[in-house]
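An overview of the molecular structure
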Amino acid sequence: MSNSSAAVSRAASSIAVEVEKVSKIYPGGVEALNDMTIQFPKGELTSLLGPSGCGKTTLLKIIAGLLPATSGRVTVNGVEVTGPGEERAFVFQDFALMPWATVLRNAAFGLELRGVAKSERHAIAEKYIEAVGLKGCEKLYPHELSGGMRQRVGLARALAVDAEVLLMDEPFSAVDEQTRRKFQEDLLDVIKHEGKTFIFVTHSIEEAVYVSHSIALLLPRPSRVSEIIRPDIDRDISPDAIRRDPVYLDIVERIWKGLRTYVE
Amino acid sequence: MRSLFTHSLTLRVLSFAIVFGIWEYLGRVPISPAFPTFLETMSALGSMIADGSMAAVYPATFQPLLIGLVISSILGIACGVFMGLNHKAEWFGAPVFIVLQSAPLAALIPLLTFAYGIGLTSKIITVCIMSVPVIVLNAYTAVRHTPVSMIEMGESYLGSRRQIIMKIIIPSASPVIYAGLRLGAAMGFIGAILAELLITPTGIGDLITYNQSIAEYEKMYAAIFSIMVFAVIFIEILERTEYLFFRPDKRVTQ
Amino acid sequence: MKLFGIKIPMMASLIFWAILWEIAGQLDVSILLPPFSSIIMRMVEIIPTQTFFKAFLITAECFLLGTGIAIVLGIPIGVLMGRSIVADRMLLPWVNMFLSAPLTALVPVLMTLFGFGMKTIILTTVLFAIWIIVLDARAGVKNITPSLVDMAKSFQASHWQAFTKIYVWAALPEILAGIRLGCIRSVKGVIIGQLLVSVVGFGRLFELYSANFLMEHMWALLFFLFFFAFLIAEGLGVLERRFEYYAAARH
Ligand SMILES: Nc1ncnc2c1ncn2[C@@H]1O[C@H](COP(=O)(O)OP(=O)(O)OP(=O)(O)O)[C@@H](O)[C@H]1O
Ligand SMILES: [Mg+2]
């Protein structure tokens, strides 16, 4: 017993987000989450992978403070979540860019809402626009960008507010396959350099294995965690080598075997 | 779901209660000697219904209104559909109706009285000019904007032009045409009352102006209240019939 | 339409109607229709006069004030209805009712309360314009992509920030459509108000012309009004189309 409590206290210092016994019943009676408990380590990217409708978006929104949980609690750095907070930023599946604002203003919008002075927030936003590879697009409007570029703006906006935890709901699902691969590689770069905690929802097993430090497999509704997988892939080798790495391929295969029972 | 329904109904009742309460309060202050309270108005309305003076005036209002609406529905839909189907007709007709729709056509009323006197004809034409433009334009745009894929579907199954018009274009346009009829009816009511106030006081307009002139304000308000309620119910019925006949999609979700 | 292989713009057909009118006028088809050319001559004659200009100023003032009030009140009410279920359920029945009610019947009430002057005309204009503005602003706010609302929330936007930075802008296409329809209706309202009040502005001119059977004067005034109304509607239509990329960005 003393062993495990030591483990807990060690874990607590390196845990960014902790979800404890969270249940969610939507008005109307749909039970989306049931007694969900899961921890997200600091500085890592954790993927939530599971069949459609299993409650991944619901969980992410509860962590973001956009939805109240029916019961249970979520803590970020030990502080209970009661609503949206400065330490969390959300990257939306449909980008949620404002069509009436330029790329620069969109990327700086989180800072604008916090009352950061114009010159300062623009300087910060420009830095992140460059970091996501959109330098030179500052004056364009969202409708002038491709889907992939729009999501990069969404990512720049989330990075610009310098939140510790980034919540990403299927950020690449509206992006074509080629762009998606490039994007995944860029995301690995960002993870390495920013040292932030990422919680990442995806439908794609390959994507989850490729970008994550750990993968939480969720069961169908009402959702619980069935398994946590840590793909021990050597990320220093080139992207193409990773995709051919037997370890990578094995893990993809293993997850697919675990999930296919629910698909059939 | 049940509690939600009662919830929305309570809010509606509450909202009416608040407005009528404010009306009652303002009438008791009173903000103006010409502003009766809600209860006075309602009792005047009750007595006017009871002594038959209300029922006596409605036919006079409805005669030009209904004749005008029937004429403008038939003419308006025919014109609009024809313009939607025929490019020459569109070129000749559409600009006129686009101009007429934004124009304050009520300004034609003095001309009408000049030409057709102060009788029924002028009033019918007033109703028509108010309601026709919106009916025509709705029918025209609805027909014109039939989804191309639906027409192509009909053509690919070798439908004749006549079949495509009757079985695809008209049915797909009918909800918008019907919406035009509803808007036209609302404009027609505006026109009918305007004609009664402006040309010669008859029907409900007579009841309004007469009671205004002898300072029986609660009766004047009662008359106005009744015609407003009547118009709203009339258009509500039109909307219900639309759901019943033209919108199976909406009926299912109801 | 095409003529000899050249595409002729649609509005050109108005010229054709003008010629037809001229012929009918010259043939004395009806006392209602004086020749088109003499109406135009009459316009040139009366528009520069003092009386006409004064009437125009009064009308313009009533129109601008009435529409302005309708916009300033209508948009916030519509946004509120779009965001709050309680406000929506309480106000929607009234908005729908006034949208289909014969508002002309209310003008006598306004006349007894506010007299035979500009106040009544302005209020008539407001009454004609405001409901469609409310309804369209509401529809616009209801159509906002939910993720945009979530985005504002996740950055902890205050109510005021969400209103001024997100809702109004996201609903702008619908709000503009509402303003355009509201303006068309308020042109009608301002004229109906003046016809019924009939002692100020163009209302007085109508009275004057029809009492003296001045057909050409009457048509000259009508053409002027129709032209102005058309200009306002089309101008706002152009403005609205400039924001079409919004709709594209929504899907
Ligand atoms: N606002 C809501 N009201 C009622 N039920 C909802 C609501 N949102 C989601 N649900 C239900 O909750 C369940 C979980 O939804 P959620 O969106 O979290 O799933 P998901 O895992 O994100 O699915 P997907 O992979 O398709 O995005 C679904 O069955 C859905 O029908
Ligand atoms: Mg989801």
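Described in the following lines is the structure provided in the data block. Every residue gets a number counted from 1 within its own chain, in the order that chain's sequence is written. Chains carry letters from A onward and ligands carry numbers from 1 onward, assigned in written order. With pLDDT at 70 or above as the cut-off, local features in this predicted model cover only qualifying residues; side-chain atom pairs require 80 or more to be listed or tallied, and sums for whole chains, interfaces and linings still use all residues. To get the side-chain values, all heavy atoms of the structure are used, and hydrogens and water are removed first.

**Description of the interface of chain C and chain B**
Only heavy atoms matter for contacts: two residues are in contact if any of them lie within 4.5 Å across the pair. Each partner contributes residues to the interface: chain C has 52 residues there, and chain B has 57 residues. One speaks of a salt bridge when a side-chain nitrogen belonging to Lys or Arg is within 4 Å of a carboxyl oxygen belonging to Asp or Glu. On inspection of chain C and its partner chain B, the count reaches zero salt bridges. Polar contacts, as counted here, are pairs of nitrogen or oxygen atoms within 3.5 Å of one another; within protein the pair requires one atom able to donate a hydrogen and one able to accept it, and residues that are adjacent in sequence qualify only if both atoms are side-chain atoms. On inspection of chain C and its partner chain B, the count reaches six residue pairs in polar contact (both at pLDDT 80 or more). Elements that contribute at least two residues to the side of chain C that touches chain B include exactly helix H1 (13–26), helix H4 (85–100), helix H5 (107–114), helix H9 (172–197), helix H10 (201–211) and helix H11 (215–241) of chain C. Here a strand is any run of E in DSSP of at least two residues, a helix any run of H or I of at least four, and the numbering for each starts at the N terminus. With ten residues, H11(C) is the largest single contributor of residues to the side of chain C that touches chain B. Gly is placed with the polar residues, together with every amino acid not listed as nonpolar (Ala, Val, Leu, Ile, Met, Phe, Trp, Tyr, Cys and Pro) or charged (Asp, Glu, Lys and Arg). Class assignment of the residues belonging to the side of chain C that touches chain B gives a composition of 44 nonpolar, five polar and three charged.

**Overview of the pattern of salt bridges**
Considering all chains together, one arrives at 26 salt bridges over all chains under this definition. We note a salt bridge from A:Lys196 to A:Asp162, for which the minimum N-O separation is 2.8 Å. You can see A:Lys196 sitting in the loop between helix H7 (177–194) and strand E8 (197–202) and its partner A:Asp162 sitting in the loop between helix H6 (147–160) and strand E7 (165–169), a full 34 residues away along the chain. To sort residues, take the accessible area from a 1.4 Å probe on protein chains only and compare it with the maximum for the residue type: under 20% means buried, over 50% means exposed, and anything in between is partly exposed. Assessed through its relative accessible area of 53%, A:Asp162 is described here as exposed. With its nearest N and O atoms 2.6 Å apart, the salt bridge here joins C:Glu216 to C:Arg42. With a gap of 174 residues between them, C:Glu216 in helix H11 and C:Arg42 in helix H2 (residues 36–46) connect regions that are remote in the sequence. Residue classification places C:Arg42 among the partly exposed residues on the basis of a relative accessible area of 22%. One connected set of salt bridges, linked through shared partners, spans A:Arg105, A:Glu112, A:Arg121 and C:Lys165.

**What about the sheet that holds strand E3 (residues 45–49) of chain A?**
Neighbouring strands of a sheet are bound in pairs by backbone hydrogen bonds; such pairs are parallel or else antiparallel. All names here are of chain A. The pairing criterion is simple: DSSP has to find at least two bridges between the two strands. Taken in spatial order, the six strands of this open sheet run E6-E7-E8-E3-E9-E10, and their pairing is mixed. Each end of this open sheet is capped by a strand with a single partner; those strands are strand E6 (88–91) and strand E10 (225–229). Going from strand to strand, the sheet's axes swing by 20° on average, the running direction of each strand aside. The sheet contact formed by E7 and E8 spans five bridges and is parallel. Across the sheet, residue Met168 finds its bridge partner in E8, namely Phe200. Packed on one face of the sheet, H6 meets E6 and E7 and runs near 175° to E6. The convention used is that axes are lines fitted to C-alpha atoms, helices contributing only their stretch in contact, and that angles between N-to-C directions extend from 0 to 180 degrees.

**Things to note about empty space enclosed by the protein**
In this analysis a 1.4 Å probe is tested at points of a 1 Å grid over the protein atoms alone, and where it fits but cannot get out there is a cavity; an open set with protein on both sides within 12 Å along at least five of seven lines is a pocket; lining residues have an atom within 4 Å of a point. Grid points are joined across faces, edges and corners, and a volume is the space filled by probe spheres set on the points. Evaluation of the coordinates by the stated rule reveals two cavities of 30 Å³ or more. In this structure, the largest cavity occupies an estimated 70 Å³ of space. Contributing to the lining of the largest cavity are B:Leu100, B:Gln101, B:Ala103, B:Pro104, B:Leu105, B:Ala106, B:Ile129, B:Met130, B:Pro133, B:Met187, C:Lys188 and C:Ile192. Taken together, the elements giving at least two residues each to the lining of the largest cavity come down to helix H4 (87–102) and helix H6 (120–144) of chain B together with H9 of chain C. Broken down by element, the lining of the largest cavity gets its largest block of residues, three residues, from H6(B). Here the residues of the lining of the largest cavity sort into ten nonpolar, one polar and one charged. Its boundaries defined by the atoms lining it, the second largest cavity holds a volume of some 30 Å³. Lining of the second largest cavity is provided by A:Ala64, A:Pro84, A:Gly85, A:Arg88, A:Ala89, A:Phe90, A:Leu167 and C:Ser154.

**Details of the packing of aromatic side chains**
Each Phe, Tyr or Trp ring, with Trp reduced to its six-membered ring, pairs with another whose centre is within 6.5 Å; inter-plane angles below 30 degrees give stacked pairs, above 60 give edge-to-face pairs, and intermediate values give tilted ones. Under the counting rule described, the total for this entry stands at 36 aromatic pairs over all chains. Ring geometry for B:Phe20 versus B:Trp23: centroids 6.2 Å apart, planes at 50°, classification tilted. Here B:Phe20 and its partner B:Trp23 are both found in helix H1 (residues 2–28), three residues apart, which amounts to about one turn of the helix. Each member of the pair, B:Phe20 as well as B:Trp23, carries the same accessibility label: buried. Through pairs of rings, three or more aromatic residues link up here, namely B:Phe16, B:Phe20, B:Trp23, B:Phe35, B:Phe38, B:Tyr221, B:Phe225 and C:Trp94.

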